[in-house]
Amino acid sequence: MDRRTWSLFETGIPSFDTLLGGGIPRRQSIIVAGDPGSGKTVLCSQMAFLAAARGLPVVLVTVTSEPHDKLVGELSSFSFFREELLDEKLFVMSAYSSLKQGAKETRDLIIQTVRKRGAKLLFIDGLRSIRDLWQDEARLREFLYELGIGLAAADCVGLFTTEYPLEKLLTLPEATTVDGIVSLAVVKHGARRMRRVEVVKLRGRPHLSGEHLMRIDEDGVSFIPRLESLVSTGRDVEPPEERVSFGLPELDVLMEGGLPRTSATLLAGSMGIGKTLLAAHFAVEGARRDEHSLFVSFHDSTESLAARARRIQLDVARFVRSGLITYLYIPPTEQEADLVLDRIFQEVERRNVKRLVIDGLTTLEQSIAERERRPLFLGALAEKLRRAGVTTLYTREVSKVAGTELDFSDAPVSILGENLLLLRYVELRGRIHRILSVLKMRDSKYDNDLREFQIADSGMKVLATMRSAEGLLTGQARPIGTSIGAPE
């Protein structure tokens, strides 16, 4: 076993161990801090039950006058709760009476119980109650210091909760006495309240810094690390020369056979222009080549997309049934970006996905609550997908794509747009035409001719180069010949 990990106490919550850099160093003590309702007791109790389930003796200490069964009853609804572990591997005791006697009596009682039980984890729920009872800074500091020494000698990890927000805790002696601090918080952002966790300090471990997403459900507490904190800046990988086809020969030829493998492409255009159907072509062509495709939509259910695709002779449903296309519909509710991407990466890994469509990039951007974080998040997303060997296509509405100027100032072109395909409407001689153009392909040859394309019952077709009008990209074309838009 690696010497860097042999001395770690695994929490039993893999996502928490990731934040901690592998786990809690053995013989260390940490404080889990946060306001009431932030999830401190649930998190620490979950760790206690999971440790007991692994056969490790655990001591759980309450410091209030309330009976044990109240705490036990509150935990019984979680899946980690196992009543048969109580009094066997997980011993619950009250230190309330000894607290009223003094610090030495309380410390001795706890250490003696830890040694008697051979405990590898001690959980004391409620340091603030001890502070309020004693009203003595020096006594509390001495208690924690000597308790830490006793736990280290017994090869036992200490977990303490306290109902203080991080800013207040850092001014108290507890912050310097313990080896680690984990802060839980419920953050208000507009009408939303979001749970967050931060490993503030942990001696001797290169933990993940900053705030991360926290969830509480029937299974207990889990965490999703910030995407950008997980993407390494290791050795760059040379991109393959292979091309990834759309299955539309007239479009593929503009890109020397298709999109560069493992690249990221922004498919931009106005509403209703055909972005989703072109993206569906991309996914279906991958399935035809026995490549697993993942299609993520914030707008259309599986049935809705399949019906639309069927009208242009594109059989999405068949490949969904075969498993070569996985369709993931995420309703545009108050989803958080880290949670959305966690689901996506689970599917990418589980199905060895080679092609990914994210239909509705604007919705994903808006799910990142902190605007200043969006460029870092999207950059990390593109890098992680590239290193996973995934070729990604994002669709995005560009609000200012109509008019005399093209304005991508509100779109993450520089971050995600290794390749940029533009779809737009153009009015010519009283008729609306659809045109497309490859505006950018990084480090790759491409043809930037403007092509008209059609979406009809017979399918999607890319037509010949439009050379008989000018000003096409402005949406206000001026004819210089008679072929485009002329009466038939």
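In this text the structure is predicted, and so the values were computed from the model without any measurement. (Residues numbered from 1 in each chain as written. Predicted model: local features only at pLDDT ≥ 70, side-chain atom pairs only at ≥ 80, totals over all residues. Heavy atoms only, no water.)

(A) Fine view of the overall build of the protein. Along the protein, the regular secondary structure elements total 18 helices and 24 strands. When each of the 488 residues of the protein is scored for burial, the buried share is 54%. Of all intrachain contacts in the protein linking residues separated by at least 6 positions in sequence, the fraction that spans at least 24 positions is 68%. When the accessible area of the protein is evaluated, it comes to approximately 22300 Å², of which 48% is carbon and sulfur surface. (Helix = DSSP H or I, 4+ residues; strand = E, 2+ residues; numbered from the N terminus. Buried < 20%, exposed > 50% of the residue type's maximum accessible area, 1.4 Å probe, protein only. Contact = heavy atoms within 4.5 Å. Areas by Shrake-Rupley, 256 points an atom, 1.4 Å probe, with all protein chains shown as cover.)

(B) Focus on the confidence of the model for the protein. Looking at the protein as a whole, its pLDDT mean stands at 87, while 88% of the residues score no less than 70. For the stretch residues 1-5, pLDDT sits under 50, and the model shows 2 contacts to residues farther than four places along the chain or on other chains. (pLDDT = per-residue confidence, 0-100.)

(C) View of the pairing of strand β17 (residues 355-359). Taking burial as the measure, the 5 residues of β17 include 5 buried ones, the bulk of the element. Covered by surrounding structure in β17 are Arg355, Val357 and Asp359 together with Leu356 and Ile358, the residues of both alternating faces. Note that strand β15 (residues 293-297) and β17 share 5 bridges and pair parallel. Note that in β17 the partner of Ser293 across the bridge is Arg355. Of the pairings in the sheet, the one linking β17 to strand β18 (residues 391-397) comprises 5 bridges and is parallel in character. Directly across from Arg355, in β18, lies its bridge partner Thr391. (Pairing = 2+ DSSP bridges.)

(D) Focus on the packing of helix α5 (residues 103-117) against helix α7 (residues 137-153). Between α5 and α7, the least distance of the axes is 10 Å, while the angle of their chain directions is 20°. One element, α5, and the other, α7, form an angle in the roughly parallel class. Read as a crossing pair, α5 and α7 show a hand that is right-handed. Contacts from Ala103, Thr106, Arg107, Ile110, Ile111 and Val114 in α5 reach Arg139, Phe143, Glu146, Leu147, Gly150 and Leu151 in α7. (Axes fitted to C-alpha atoms, helices over the stretch in contact; angles between N-to-C directions. Parallel < 35°, antiparallel > 145°, perpendicular 65-115°, else oblique. Left-handed = near helix turned anticlockwise from the far one by under 90°.)

(E) Broad picture of the nonpolar core. In this structure, Phe16, Leu43, Leu90 and Val182 are the most contacted members of the largest nonpolar core, which totals 40 residues. The element best represented in this core is helix α2 (residues 40-53), accounting for 8 residues. Those residues in contact with Phe16, other than ones at most four positions away along the chain, are Thr11, Leu43, Met47, Val182 and Phe223. (Core = buried A, V, L, I, M, F, W, Y, C linked by side-chain atoms within 4.5 Å.)

(F) Representation of the sheet that holds strand β19 (residues 419-428) in the model. Strand order across the open sheet formed by 9 strands is β16-β15-β17-β18-β14-β19-β20-β21-β22, with mixed pairing between neighbours. Either end of the sheet is taken by a strand with one partner, and the two such strands are β16 (325-329) and β22 (459-465). Strand-to-strand twist in this sheet, taken as the mean axis angle between neighbours without regard to direction, amounts to 20°. Across 5 bridges, the pairing between strand β21 (residues 451-456) and β22 is antiparallel. Residue pairing in the sheet places Phe453 in a bridge with Val462 of β22. On the sheet, helix α12 (residues 275-288) packs against β14 (264-269), β15, β16, β17, β18, β19, β21 and β22 and is oriented at approximately 165° with respect to β17.

(G) Focus on the pairing of strand β4 (residues 58-62). Here β4 lies mainly inside the structure; 5 of its 5 residues are buried. Of the two faces of β4, the one carrying Val58, Leu60 and Thr62 and the one carrying Val59 and Val61 are both buried. In this sheet, strand β6 (residues 121-125) lies alongside β4 in parallel orientation, the contact comprising 5 bridges. What sits directly across from Val61, in β6, is Ile124.

(H) Inspection of the pattern of salt bridges at higher detail. Counted under the stated rule, the structure contains 27 salt bridges. Where Asp108 meets Lys104, a salt bridge forms, and the shortest distance between an N and an O atom there is 2.9 Å. Taken as a pair, Asp108 and Lys104 lie in helix α5 at a separation of 4 residues, close to a single helical turn. Given the relative accessible area of 51%, Lys104 is considered exposed. (Salt bridge = Lys/Arg side-chain N within 4 Å of Asp/Glu carboxyl O.)

(I) Spatial organisation of the packing of aromatic side chains. Per the counting criterion, the structure on display carries 7 aromatic pairs. Ring centres of Phe16 and Phe223 lie 5.1 Å apart, and the angle between their planes is 35°; this geometry places the pair in the tilted category. Note that Phe16 is positioned in helix α1 (residues 14-19) and Phe223 in strand β11 (residues 220-224), a separation of 207 residues in sequence. Classification of Phe16 by relative accessible area gives buried; the value is 0%. An angle of 50° between the planes, with centres 5.3 Å apart, marks the rings of Phe246 and Phe282 as tilted. With Phe246 in the loop between β12 (243-244) and α11 (249-252) and Phe282 in helix α12, this pair connects stretches of sequence that are 36 residues apart. Looking at Phe246, the relative accessible area reads 0%, which means it is buried. In this structure Phe282 comes out as buried when scored by relative accessible area, which is 0%. Put simply, the rings of Phe49, Phe78, Phe80 and Phe81 pair up and form one aromatic cluster. A cation over an aromatic ring shows up here: Arg318 above the ring of Phe319, its NZ or CZ 4.2 Å from the ring centre. It is Lys384 that lies over the ring of Phe345; its NZ or CZ is 4.3 Å from the centre. (Phe/Tyr/Trp six-rings, centres within 6.5 Å; stacked < 30°, edge-to-face > 60°. Lys NZ or Arg CZ within 6 Å of the ring centre and 35° of its normal.)

(J) Molecular detail of the sheet that holds β4. Read from one edge of the open sheet, 9 strands run β5-β4-β6-β7-β3-β8-β9-β10-β11, paired in mixed fashion. The two strands at the open ends of the sheet, each matched to only one other strand, are β5 (90-94) and β11. Between one strand and the next, the sheet's axes are offset by a mean angle of 25°, whatever the strand orientation. Sheet topology places strand β9 (residues 192-202) next to strand β10 (residues 211-217); 3 bridges connect them, and they run antiparallel. Paired with Val197 across the two strands is His212, which belongs to β10. Its contacts with the sheet put α5 on β4, β5 and β6, and the angle it makes with β5 is roughly 160°. Relative to the sheet, helix α15 (residues 337-351) contacts β10 and β11, its axis offset from that of β10 by approximately 75°.

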